[in-house]
Structure formats: structure tokens, C-alpha cells
Amino acid sequence: MGCCTGRCTLIFLCTLQLLAALERQVFDFLGYQWAPILANFLHIIIVILGLFGTIQYRPRYIVVYAIWTAVWVTWNIFIICFYLEVGGLSKDSELLTFNISRHQSWWSENGPGCVRKEASMSGIAGLDSHSYISVIGCALEYRYIEVMHSSFQILIALVGFVYACYVVSVFTEEEDSFDFIGGFDPFPLYHVNEKPTNLLFKQTYL
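Residues numbered from 1 in each chain as written. Predicted model: local features only at pLDDT ≥ 70, side-chain atom pairs only at ≥ 80, totals over all residues. Heavy atoms only, no water.

### A short note on the UniProt feature "transmembrane region" (unreviewed entry) in the protein chain
Feature annotation in UniProt assigns "transmembrane region" (unreviewed entry) to the following positions: residues 34-55, 62-86 and 152-171. End C-alpha atoms of residues 34-55 are separated by 32 Å, and the span's content is 100% helix alongside 0% strand. Helix makes up 100% of residues 152-171 and strand 0%, whereas the separation of the span's terminal C-alpha atoms amounts to 28 Å. (UniProt positions renumbered as here; feature names shortened; annotations may be inferred. Helix = DSSP H or I, 4+ residues; strand = E, 2+ residues; numbered from the N terminus.)

See the structure below:
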């Protein structure tokens, strides 16, 4: 297969997916988003498996990757619905942190233009602690940043699914058309053995 084929394109897509997943994993770690962290980790493993299968001509690995892309699209659609609060979901819930912390997306406090405002806690004397109050001046709300991340993941996954199916079909055709030299052809041996026997019968008849 040449360099400008679906195989090379799939290698490029898997590499792009891997980089995008690593970038997303870093920010999810910073925001203590445990559910996305686990999903990203599994995604990275499957993408590496698909990349290996594409390079080493292993259709089964690419099939696993193609199946996973469908799951990955579903997961990112859920993330979009979560941050847009579709279907009763709330972006302020602790669903993505498994209800073990009240952390939100890292972008909620560190988005472009965001400024954190803190104030001393009232009613507790002698303590130097501070209470988080609000974030102001954000050029873009953090939920839209998360939605854009998920939308980009969905786009790459869909294109990757199409090319994965194409590459699997090409690999399968190549395997089916591959001819082992005399490996499965018993006819030459059969004809060689058959010829002396026929000559013996003719001589006996004469």
C-alpha cells in the first residue's frame, strides 16, 4: 500500500487522537475529573492498539479500535450533554468526580481571561483561610471549552472509524488474494502421480 493510502491516513488520525487524548488527560488530572481520567486512559490504550495494528497489518486490532471509536463517540456525546445540562444533567453535580470531591473542570477557574476572587471567611477568628467566591472576566465559559474538546474528539473518532473500516476491508482483500506458491494446489502432484498409472493400464491393455 502506498504512502497516500487509507493506511497512512489512519496512522495520522491515530497519532492525532493520541496527542489530543494526552492533552485532555492533563487538564482532567488538574481538575480531578476521575471519570474522564479513566475514560481517557482506556482511550489512549485502544488508540495505541489501533496504531500498532495499522502499522503491523493486524486487522483484528483495527476492528477493536473501530468498535471503541463508537463507544468513544457515545461517551463524548454524554460529556456534551452533561456540560450543556441536557436531559436533567447538571454541570455543577459531582458525577464526573464519582461524588468524592466537589472539584469542577480545570477550565472553570483557569479559562481565557478568568480572574478568581477570594475573600476571608467570616465568623472564624484567628484563621488565615480563604473562601472561594467567584470567577469573573472569562472570555469563554468553561463548559463551552469542554464542549469544544468533546466535539473535536467526536470528529476525529468518526473519521477514524471510516478509515478503520476501509483499511480492514483492504487488508482482508489482500489476505484473500494472497497466493501461496503451490501451498493449496494438489493438482500438479495429482497429475504427476496419475500419468504413470494411466500408462500402465494402456500397456496392459495392448
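### Thoughts on the pattern of salt bridges
Under the counting rule described, the total for this entry stands at two salt bridges. A salt bridge links Asp92 to Lys91; the shortest N-O distance between them is 3.7 Å. Under the relative-accessibility criterion, Asp92 is labelled partly exposed at 45%. Glu141 serves as the salt-bridge partner of Arg143, at 3.2 Å between the closest nitrogen and oxygen. What makes Arg143 buried here is its relative accessible area of 17%. (Salt bridge = Lys/Arg side-chain N within 4 Å of Asp/Glu carboxyl O. Buried < 20%, exposed > 50% of the residue type's maximum accessible area, 1.4 Å probe, protein only.)

### Details of the packing of aromatic side chains
In the structure shown here, the tally under the stated rule is eleven aromatic pairs. Here the aromatic rings of Phe78 and Phe82 are separated by 6.3 Å at their centres, their planes lie at 40°, and the arrangement is tilted. Here Phe78 pairs with Phe82, and both are found in helix α3 (residues 59-83), just four residues apart, close to one helical turn. What makes Phe78 partly exposed here is its relative accessible area of 28%. Three or more aromatic residues joined by ring pairs make a cluster, and in this case those are Trp75, Phe78, Phe82, Tyr83 and Tyr142. (Phe/Tyr/Trp six-rings, centres within 6.5 Å; stacked < 30°, edge-to-face > 60°.)

### Notes on the confidence of the model for the protein chain
Low pLDDT means the predicted atomic positions in that stretch should not be read closely. For the protein chain, the average pLDDT comes to 81, and 76% of its residues sit at 70 or higher. Note that residues 124-130 has pLDDT below 50 and, in this model, six contacts with residues that lie over four places away or in other chains. Per-residue pLDDT stays below 50 along residues 179-195; that stretch engages in zero contacts with residues further than four places along the chain or on separate chains. (pLDDT = per-residue confidence, 0-100. Contact = heavy atoms within 4.5 Å.)

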